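Commentary on secondary and tertiary structure
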Amino acid sequence: MLAYSTYSEAGGVGKTTTAANLAVAHARAGLKPLVVPLDPQDGDLSRLFGVDDQRTEPVDNVVRHMIRRPKGDFDDLVRTVEGVDIVPEHNMLSDLAEYLQREKDQAEAMGEAFGMHAQLLRVLREAGVPEKYDVLICDPPATEGPHLYNAIHATRSLVIPVEPSAKGRAAVEGLESLVAGLEEQLEVDVGVLGAVPIGFKNTRDQRTILDEIQYPIPEIIGERASLMEGCWMQQCSAYRYVREYRDRHRDYEVETLAQFDRIARHLEGEVGIEAPNPPEPGDLEHEVLAP
């Protein structure tokens, strides 16, 4: 299974839209992706795909499963949108650290072990996710904490949206020390499958910054603020937005969709997955075959 977390410590770089569009790109190629977003903020992946309607309700959710208090099966949490299975975010994520610490204290009082940062991995394994899915994508918040640590522990790999600016360069430099610290703290190897520069305007400074990135760069995405804002307005992927909500197909937007297709193929190739029905990059009419 291909598994990765989209992460950048710099906010506003398109981390969540990158996760969403890559998930759809995997699904377009006939793979079965599961997305587990873990951001407690309202502007999250569940909101983007329009499956956040129960986030304030007292319903079963991934946090309850992580603290061993589920109300039902993990499979019942899943919602499917645009060929992508999603575990919707819930407001209980805001207090995840407190819930995990409380469970850890209770477990230790009973002489049991409870790894606070390994609970998402446990939940996914017990639910048979590695056997049921081809791709796992986690979308944690940018800040360090149990959301991020659980995502990285579960996926062991990162895809990094990068702002080609001095701020973005600092974020990449900070990521290197973060990865080293996480490997030591979590006792797992953490790899970077690729960096995806977003908002590139081909200035000299930006080219210099990209030359300094030590990770693979499968594609460089230009300034697409209108396209990404449209996705949020219509609560859908860029593929659906261009196909259903644009009055005409703009070549540069179709090329951006092709870039997401090519990034998905790059990531799949990194772990030896061959998609059964890959589209021609940017083909909006490609028939998605259910896996």
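Residues numbered from 1 in each chain as written. Predicted model: local features only at pLDDT ≥ 70, side-chain atom pairs only at ≥ 80, totals over all residues. Heavy atoms only, no water.

The name recorded for the protein in an unreviewed UniProt entry is ParA family protein, from Haloarchaeobius litoreus.

**Overview of the sheet that holds strand β7 (residues 191-200)**
Short version of the rule: Here, any two strands with at least 2 DSSP bridges between them count as paired. Runs of H or I in DSSP of at least four residues are treated as helices and runs of E of at least two as strands, each being numbered from the N terminus.
Read across the open sheet, the eight strands follow the order β3-β4-β2-β5-β1-β6-β7-β8; overall the sheet is mixed. Because the sheet does not close on itself, it has two edges, and the strands there are β3 (79-81) and β8 (221-222).

**A short note on the pattern of salt bridges**
Here is the rule: Here, a salt bridge means any side-chain nitrogen of Lys or Arg that lies within 4 Å of a carboxyl oxygen of Asp or Glu. Residue burial is assigned from relative accessible area. The probe radius is 1.4 Å, only protein chains are included, and a residue is buried under 20% of its type maximum, exposed over 50%, and partly exposed in between.
Scanning the entire structure with this criterion turns up 18 salt bridges. For R122, the salt bridge goes to E126, with nearest N and O atoms at 3.1 Å. Linking R122 with E126, this pair stays in helix α5 (residues 119-126), spanning four residues, or about one helical turn. Overall, E126 belongs to the exposed group, its relative accessible area being 61%. For E268, the salt bridge goes to R265, with nearest N and O atoms at 2.8 Å. Taken together, the positions of E268 and R265, both in helix α12 (residues 251-270) and three residues apart, correspond to about one turn of that helix.

**Notes on the side chain of H147**
This is how the line gets drawn: Under the rule applied, a polar contact is a pair of N or O atoms within 3.5 Å (in protein, one hydrogen donor and one hydrogen acceptor; residues adjacent in sequence only if both atoms are side-chain atoms).
Its location among the elements puts H147 in helix α7 (residues 146-155). Within the local environment of H147, its side chain forms a polar contact with the backbone oxygen of L93, the two atoms lying 2.7 Å apart.

**Some words on the layout of surface pockets**
Cut-off, in case you're wondering: Buriedness for pockets is judged along seven lines, at least five of which must meet protein on both sides within 12 Å for an open set on the 1 Å grid over protein atoms alone, while cavities are sets there where a 1.4 Å probe fits but cannot get out, and lining residues have an atom within 4 Å of a point. Grid points are joined across faces, edges and corners, and a volume is the space filled by probe spheres set on the points. Classes in brief: Ala, Val, Leu, Ile, Met, Phe, Trp, Tyr, Cys and Pro nonpolar; Asp, Glu, Lys and Arg charged; the others, Gly included, polar.
In this model, the second largest pocket occupies a volume close to 210 Å³. Considering the residues around the second largest pocket, the lining is formed by 16 residues, among which Q54, V59, D60, L77 and P88 are closest to the centre. Residues that form the lining of the second largest pocket fall into these classes: six nonpolar, three polar and seven charged.

**Describing unusual backbone geometry**
The phi torsion at N202 lies on the positive side, around 60 degrees, for a residue other than glycine. In this fold, N202 is placed in the loop between β7 and α9 (204-212). We note that Q235 has phi near 55 degrees; this positive angle belongs to a residue other than glycine. Residue class for Q235 comes out partly exposed when judged on its relative accessible area of 25%.

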